[in-house]
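# Per-entry structural report
What follows is the residue order along each chain.
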Amino acid sequence: MSLRHPFAIGGDVAGWVRRHDPNFMALRRATRTAIVMPALFAFCVEVADNSAMATYAAFGSIALLMLVDFSGSLRARLQAQAWLCVTGAVLIGLGTLTSQTLWLSVLAMGVVAVVVLFSGVLSSVIASAATSLLLVFILSTAEAGPVAIIPDRLAGWGLASLASLVAVGLFWPAHNRDPLRLAAATACRALARRLRADVAHWSGDDTLDPVAYEGAIETADQATDALHRGFLAAPWRPTGLSVTSRATVRLVDEILWLDTLVDQAARPTERSASHQYDCRIRSSSAAILDIGADELESPSISTSRLGEAREELAIALKDLTHNATSGAPLSLGGDALTPNGEVPSERGREEETIRYVNSLEPSFRAQEIGFVASLVGATIDLVSAAERRSWFDTMVGAVPGDPTGRLGAARESAAAHLNWRSVWLHNSLRGAAGLAIAVLIAEKTGVQHAFWVILGTLSVLRSSAVNTGANALRALLGTAIGFILGAVLLVGVGTNVTVLWFLLPVAILVAGFAPAAISFAAGQAGFTFTLVILWNILGPIGWRVGLYRIEDVAIGCAVSVGVGLFFWPRGAASALGATLREAYVTSAAFLSAAVIHGAGRFDRGSDPSTSPLTEGTNAAAASRRLDDAFRTYLGERGSKPIPLADAATLLRGVVSLRQTADAIVNLWEGDAGHDEAARTGEASQLSKEVRLIESWYDNFGAALTGAGELPVPVVESLALDPSLLDEVDNYLRVAGADAGATAVRLVWTKDYLGATRRLEETLVGPARAASPRALGSAVVPAAGEAGSFE
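Summary of the structure given here.

Procedures and definitions
- Residues numbered from 1 in each chain as written.
- Predicted model: local features only at pLDDT ≥ 70, side-chain atom pairs only at ≥ 80, totals over all residues.
- Heavy atoms only, no water.
- Phe/Tyr/Trp six-rings, centres within 6.5 Å; stacked < 30°, edge-to-face > 60°.
- Helix = DSSP H or I, 4+ residues; strand = E, 2+ residues; numbered from the N terminus.
- Buried < 20%, exposed > 50% of the residue type's maximum accessible area, 1.4 Å probe, protein only.
- Axes fitted to C-alpha atoms, helices over the stretch in contact; angles between N-to-C directions.
- Parallel < 35°, antiparallel > 145°, perpendicular 65-115°, else oblique.
- Left-handed = near helix turned anticlockwise from the far one by under 90°.
- Nonpolar A, V, L, I, M, F, W, Y, C, P; charged D, E, K, R; others polar.
- Core = buried A, V, L, I, M, F, W, Y, C linked by side-chain atoms within 4.5 Å.
- Contact = heavy atoms within 4.5 Å.
- Salt bridge = Lys/Arg side-chain N within 4 Å of Asp/Glu carboxyl O.
- Patch = residues over 30% accessible without salt bridge, like charges linked within 9 Å, V, L, I, M, F, W, Y side chains within 5 Å.
- Areas by Shrake-Rupley, 256 points an atom, 1.4 Å probe, with all protein chains shown as cover.
- Expected span 1.5 Å × (residues − 1).
- Polar contact = N/O pair within 3.5 Å; in protein donor to acceptor, adjacent residues only side chain to side chain.

What follows covers the packing of aromatic side chains. Under the criterion given, the structure shown has twelve aromatic pairs. An angle of 65° between the planes, with centres 5.4 Å apart, marks the rings of Trp452 and Trp535 as edge-to-face. Of this pair, Trp452 sits in helix H18 (residues 450-460) while Trp535 sits in helix H21 (residues 520-538); the two residues are 83 residues apart in sequence, bridging distant segments of the chain. Aromatic pair Phe566 and Phe567: ring centres 5.0 Å apart, planes at 80°, arrangement edge-to-face. Judged by relative accessible area, which is 60%, Phe566 ranks as exposed. Its relative accessible area of 17% is what places Phe567 among the buried residues.

Written out as structure tokens, the structure reads:
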């Protein structure tokens, strides 16, 4: 039998670790804790001879190093770490003060839990630290102690805090590299190359090799496909996304939208009046994408190049609109004559209008590409600015450039989730109720370690009863395995504390690495094994500590299962259908408001002063609730009844509606309209059409929750009806030839609505696959109706 070389074995181990922990995040946290915690514990036990200090130094190391790893630059991580240290110290004092009175301890646990858990929606820093903050408060309020013990507890926590700052800064510092952002940068460069190749190809550039042109198209398709796959494979976690991460998610949507538009854009011919403007817009868009890719790769470096490129594109878009306006058929205005000096006939007017409207198709495509490219540039600017925010702005989730001020985004986030459909609110209330009940039961049953009961509840409580029950079984299995391993160890080494000291770092390393790389049960086994070692170092109590651990974890699991059955037992799966419906309804209402605010100013029955701002805010809030529900749903264990690709398509439909509404609002900015004579009737064709679209998506949302049948897609949009051409004709007659810019906007709005109609066909298939049963079988109330506990 041949022996393998040690390097080969080491390579196999390294490969296994890389497959199960690709970014070494779990290994980094576990290694730091395995180095810091035994050293602090040894100092407190052997030098300070203070068991309270040792306990808080040990669990403080777990809370500060094993359970949290902030993202961002090194400076941002150290600032967040310092904030966690200070906040943890405050909670230790508060928890100790409430620990001697049961009702006060239960009440404080519930209040602190709901505040900590819900506050995560305001900031990714708070969301990432939620488990650590709850751990330290649980430890303080569950183990009753007099006020005099607070200094000892704070001393242990202080040691852990100082050590954690050193460890985060010096021990294996994490690289601030976001794979999704780098994939977005690659896609931007590929699309920029594609746009420049289009310009060269359409302009008849003899130096452009046809093979190179096809290669540019293929490279762009591959880069955007890779970006989409990376987005779907991203590690979705039921925690709050930072402003940077949310902006990156938005950027992915915009890049994919831009790629679709570039593929769909018709080639402008040399004879087209808009040819030179189309090419100029594509060149300016390519410049934005190239500069944006540079900023995505180095977001902390502030430059003015991207802003200058966006200004250049804005000028190009303005020139395109002016060119399209100058092409308006002057013979349609008032009493103007044809070039032959004749009064144009009705048929002649109609034919001229048709030619005019059709001639706007290439310019609309160019305008659409330019608008989305400008959006991409603005979002990249936001990503870069978010990376350079101050510590306070990062803490409160402030959005750079937000006109509502530093706390505006926090207020909007809180308002969006103070809603019975919010999965985040559900999870916060469920967690607070479970922990408060665990404190009460732990005290009433008189268990030896009440802390373990409450920690067991915190560890296994999930967003649905099924996942909570499954986690409870895994926790009990892992705890039993850890107890058996601990008992075998103690039978072998007895009270030899020296051996236990040597095994402690290894046990901590396994306990920190196993949950992410192996399984939750393996992590519970490692944690139980670690506790057996810790408690036997403090005092030779033998293997019985493992039995206490099993008993306490069992009680905590029972509390979690009971709470999970009572509070929203179906979890995010049932909420997904409701939030999808709400998002489609509010996004369609935003689209309708955007059209009526613009084109609807020519309806006698419309109020031109009505702003779509309110509908836009409602749609944004509903989309945020949908985003959090979807991430929580993906974070739940078990098979997913909805294929990921179909679910992503349904979410993409919501994004498309909102993006189209934003584009129409942007299109009509600066258009003041004309006098009352130009108002063409009780309801323009565009206003009629967008109300029909809104109704279609209302019915579509209802079908997602089982409250109706899936509507049939409308293949032919009413916005393409000849009556719209008559409307443009009539408008130009009444308002005169100077109304060409508004006529262009009417036609381009029609094109946007046509794209929205085409979207319907892509949504029906995924919606049929995502049956109401898969989205939560209960029929949920429509937007605006009262919600209730399940």
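Next up on the list: the packing of helix H8 (residues 179-202) against helix H11 (residues 275-297). Direction vectors running N to C along H8 and H11 enclose 155°, while the axes themselves pass 8 Å from each other. The angle between the axes of H8 and H11 places the two elements in the roughly antiparallel class. The interaxial crossing formed by H8 with H11 has left-handed handedness. Residue composition of the contact of H8 with H11, grouped by class: 15 nonpolar, three polar and seven charged.

Another aspect to go through is the nonpolar core. Counting residues in hydrophobic clusters, the biggest one holds 95 residues, and the most contacted among them are Ile255, Leu580, Tyr584, Leu591 and Tyr697. Per-element accounting of this core gives the leading share, twelve residues, to helix H23 (residues 571-598). Each residue touching Ile255, except ones within four places of it in the same chain, is listed here: Ala184, Ala187, Cys188, Leu191, Thr224, Leu227 and Val376. Core analysis: the next-biggest nonpolar cluster, separate from the first, contains 86 residues, Met66, Val116, Ala433 and Val439 among them.

Moving on: the pattern of salt bridges. Here the structure, examined in full by the defined rule, presents 17 salt bridges. The shortest N-O distance in the salt bridge between Arg365 and Glu368 comes to 3.3 Å. With Arg365 and Glu368 both in helix H14 (residues 361-387) and three residues apart, this pair spans about one turn of that helix. Like Glu368, Arg365 is buried. One salt-bridge network, in which partners are shared between bridges, spans Arg189, Asp294, Glu297 and Arg305.

Turning next to the side chain of Arg246. Mapped onto the secondary structure, Arg246 falls in helix H10 (residues 243-264). Taking relative accessible area as the criterion, Arg246 reaches 17% and is therefore assigned buried.

A cluster of nonpolar side chains, Ile35, Val166, Leu170, Phe171 and Trp172, forms an exposed patch at the surface whose accessible area comes to about 470 Å². Take Val166: it is sitting in helix H7 (residues 150-170).

Moving on, we get to helix H3 (residues 51-66). The end-to-end C-alpha distance of H3, which contains 16 residues, comes to 21 Å, matching closely the 22 Å that a straight helix rising 1.5 Å per residue would cover. Most of H3 sits out of view: 15 of its 16 residues are buried. Backbone nitrogen of Ala52 and a side-chain oxygen of the N-cap are separated by 3.1 Å at the start of H3; the cap is Asn50.

Quick reminder: α-helices carry 3.6 residues per turn. Residues three or four places apart thus point the same way. In this model helix H9 (residues 210-232) runs 33 Å from its N-terminal to its C-terminal C-alpha over 23 residues, within 8% of the 33 Å that 1.5 Å per residue would give. Residues of H9 that are buried include every one of Tyr213, Ala216, Ile217, Ala220, Ala223, Thr224, Leu227 and Phe231, and no others. Residues of H9 that are buried make contact with H8 and H10.

Time to look at the side chain of Thr579. With respect to the helices and strands, the residue Thr579 is situated in helix H23. For Thr579, the side chain forms a polar contact with the main-chain oxygen of Leu576, separated by 3.0 Å. Leave out the neighbours within four places in its chain, and Thr579 touches Arg421, Arg625, Leu626 and Ala629.

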